[in-house]
Amino acid sequence: MASPNSTFTEIVTTTLREHPDVIADNVSDHNALYRRLKTKGKIKKLDGGYEIVRPLDYAENATFQRYSGYDTLNISASDVLSAAKYSWVQSAVNVTASGLELRQNSGKNQIVDLAMARTKNAMRTAANNMSVDMYSTGALSNQMGGLGHIIQTNGEGTVGGIVSATYTFWKNKFTEQGTPSKTSIKGDMNLLWLQCVRGTDKPDLIVSTHDNFSYYWESLQDLQRYASADEATAGFQALKYVTADVIFDSNDNFATTGEKMYFLNTEYLELCVHREANWTQLDEKSSVNQDAVVIPIIFQGQLTCSNRSLQGVLFD
């Protein structure tokens, strides 16, 4: 007869094997940014590396010239590419059960219920914290540098190892609101939008906290336009602004009392994850001094950006 420990582990393993993307799906269902990156194929699985390196195209080739006849051509070296380097961050959630709980639930149905409940709780916990980290400033120990880190309210900061106060091409755009209202919101959005446009490059997603989204919604009145059915069916309240989807995401995800609207060009954002640690289950661990079973589920990755100048934040 199988022991409660082995049965518990088998059920947890089977659940995760049959639903390998369930944590990612849970994040996608509750985080507008993650969903957009997933839809656009901007979640990149990497095999490893000491750091995550993102190449940048930040300057024009200085050798361009107009010439006539036998004029000497400019063949000097032109440094047009650099790279942003991001450190890996790690997260883990553990499915646990004490020996007492396992033996108390040693009947077939009871152990299945216990394993399923613990697994679902772990996946929900991971999804909720991942959503918070996607918007974070990275201020907590070992936390991902989310939008609050990549897109700052003064446009500056050191992101990807590049000091934007020194290399100004790396600054993001920002606009501070006066007194936010439904009469001023579109003017504020217009001002920031124009700063974030470069030819055909423009924001495709605007993620907003509660009040700014409400102001924009009220300002549209009967002219309001809803975004695609794809966003609507995902459970997000979505409007349109120029060509971008405007989506309300929970203030709990933003982890801030201030109101923000992130103007995102997701072509230059990418969530990089390690191929072997994308909410991946490790083998069961048994403590040498505890009567318990621990099954770790681990993540290793980082939110990255290859062009901050086309990202912006509207804040009060």
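Within the chain one finds ten helices and 15 strands. Put simply, the chain has 316 residues, and 44% of those count as buried. Within the chain, residue pairs in contact and separated by at least 24 positions form 72% of the contacts whose partners lie at least 6 positions apart.

Time to look at helix α7 (residues 185–195). Residues of α7 that are buried include every one of Ile185, Asp188, Met189, Leu192 and Trp193, and no others. On an axial view of α7, the arc spanned by its buried residues comes to 130°, and they lie on one face.

Another aspect to go through is unusual backbone geometry. Of note, Val242 is a non-glycine position whose phi angle comes to about 50°, a positive value. With respect to the helices, strands and loops of the structure, Val242 is situated in the loop between β9 (238–241) and β10 (244–248). The class for Val242 is partly exposed, based on a relative accessible area of 43%. Backbone geometry at Trp279 places phi at a positive 55°, although glycine is not the residue there.

Here the focus is the side chain of Gln302. When you line up the elements, Gln302 lands in strand β14 (residues 292–305). Polar contacts involving the side chain of Gln302 include one to the main-chain carbonyl oxygen of Ser87, which spans 3.0 Å. If sequence neighbours within four positions are ignored, Gln302 has contacts with Ile52, Tyr86, Ser87, Val89, Met144, Gly145, Glu270, Leu271 and Cys272.

Going through the model one piece at a time under the given rule, you end up with eight aromatic pairs. Between Trp193 and Tyr241 the ring centres are 5.4 Å apart and the planes differ by 75°, which places this aromatic pair in the edge-to-face class. Remark: Tyr241 occurs in strand β9 and Trp193 occurs in helix α7; sequence separation between them is 48 residues. Geometrically, the ring pair formed by Trp279 and Phe299 is stacked, given 5.3 Å between the ring centres and 25° between the ring planes. Here Trp279, found in strand β12 (residues 269–281), pairs with Phe299, found in strand β14; they are 20 residues apart in sequence, far enough to count as distant. When its relative accessible area of 2% is taken as the criterion, Phe299 is described as buried.

Okay, the pattern of salt bridges next. For side chains bearing opposite charge, pairing can occur when the charged atoms are close. Throughout the structure, instances matching the rule amount to nine salt bridges. Linking Arg36 and Asp245 is a salt bridge whose minimum nitrogen-to-oxygen distance equals 2.5 Å. Within this pair, whereas Arg36 is found in helix α3 (residues 32–39), its partner Asp245 is found in strand β10, the two being separated by 209 residues in sequence. Each member of the pair, Arg36 as well as Asp245, carries the same accessibility label: buried. The shortest N-O distance in the salt bridge between Glu267 and Lys40 comes to 3.6 Å. Within this pair, whereas Glu267 is found in the loop between β11 (260–264) and β12, its partner Lys40 is found in the loop between α3 and β1 (43–46), the two being separated by 227 residues in sequence.

This part covers the sheet that holds β10. Spatial strand order, β7-β15-β11-β8-β10-β9: six strands in an open sheet with mixed pairing. Pairing within the sheet leaves two strands with one partner each, and these edge strands are β7 (173–176) and β9. If you compare each strand with its neighbour and ignore which way they point, the axes differ by 20° on average. Strand direction decides the pairing type here: β9 and β10, joined by four bridges, are antiparallel.

Among the eight residues that make up α3, six are buried, leaving the element largely enclosed by the rest of the structure. Among the residues of α3, Ala32, Leu33, Tyr34, Arg35, Arg36 and Leu37 are the ones counted as buried. Where α3 terminates, the next one or two residues include Gly41, which has phi positive at roughly 70°.

Along the polypeptide, Asp188 turns up in helix α7. We note that Asp188 is buried and unpaired, the nearest opposite charge coming from Lys186 at a distance of 12 Å. Those residues in contact with Asp188 that sit more than four places away from it in its chain are Thr175, Gln177 and Leu314.

So, about the nonpolar core. By size, the foremost hydrophobic cluster in this structure holds 48 residues, and its most contacted members are Leu33, Leu147, Leu264 and Leu271. Per-element accounting of this core gives the leading share, seven residues, to helix α5 (residues 108–135). The residues touching Leu33, leaving out its near neighbours within four places in the chain, are Met134, Tyr135, Leu147, Leu205, Leu264, Leu269 and Leu303. Counting 16 residues, the second-largest nonpolar core is a separate cluster that includes Cys196, Phe213, Tyr216 and Leu220.

Right, let's talk about a nonpolar patch on the surface for a bit. Taken together, the side chains of Tyr67, Leu73 and Ile75 make up a nonpolar region of the molecular surface, amounting to roughly 380 Å² of accessible area. Inspection of the secondary structure assignment puts Tyr67 in the loop between β2 (52–57) and β3 (81–86).

Among the structural elements, Leu73 can be located in the loop between β2 and β3. For Leu73 and Thr63, which are ten residues apart along the polypeptide, the C-alpha to C-alpha distance reads 8.1 Å. Other than its neighbours up to four places away in sequence, Leu73 contacts Gln65 and Tyr67.

Here is what the cut-offs are and how they apply
- Residues numbered from 1 in each chain as written.
- Predicted model: local features only at pLDDT ≥ 70, side-chain atom pairs only at ≥ 80, totals over all residues.
- Heavy atoms only, no water.
- Helix = DSSP H or I, 4+ residues; strand = E, 2+ residues; numbered from the N terminus.
- Buried < 20%, exposed > 50% of the residue type's maximum accessible area, 1.4 Å probe, protein only.
- Contact = heavy atoms within 4.5 Å.
- Arc of directions from axis to C-beta.
- Polar contact = N/O pair within 3.5 Å; in protein donor to acceptor, adjacent residues only side chain to side chain.
- Phe/Tyr/Trp six-rings, centres within 6.5 Å; stacked < 30°, edge-to-face > 60°.
- Salt bridge = Lys/Arg side-chain N within 4 Å of Asp/Glu carboxyl O.
- Pairing = 2+ DSSP bridges.
- Axes fitted to C-alpha atoms, helices over the stretch in contact; angles between N-to-C directions.
- Lys, Arg positive; Asp, Glu negative; His and termini not counted.
- Core = buried A, V, L, I, M, F, W, Y, C linked by side-chain atoms within 4.5 Å.
- Patch = residues over 30% accessible without salt bridge, like charges linked within 9 Å, V, L, I, M, F, W, Y side chains within 5 Å.
- Areas by Shrake-Rupley, 256 points an atom, 1.4 Å probe, with all protein chains shown as cover.

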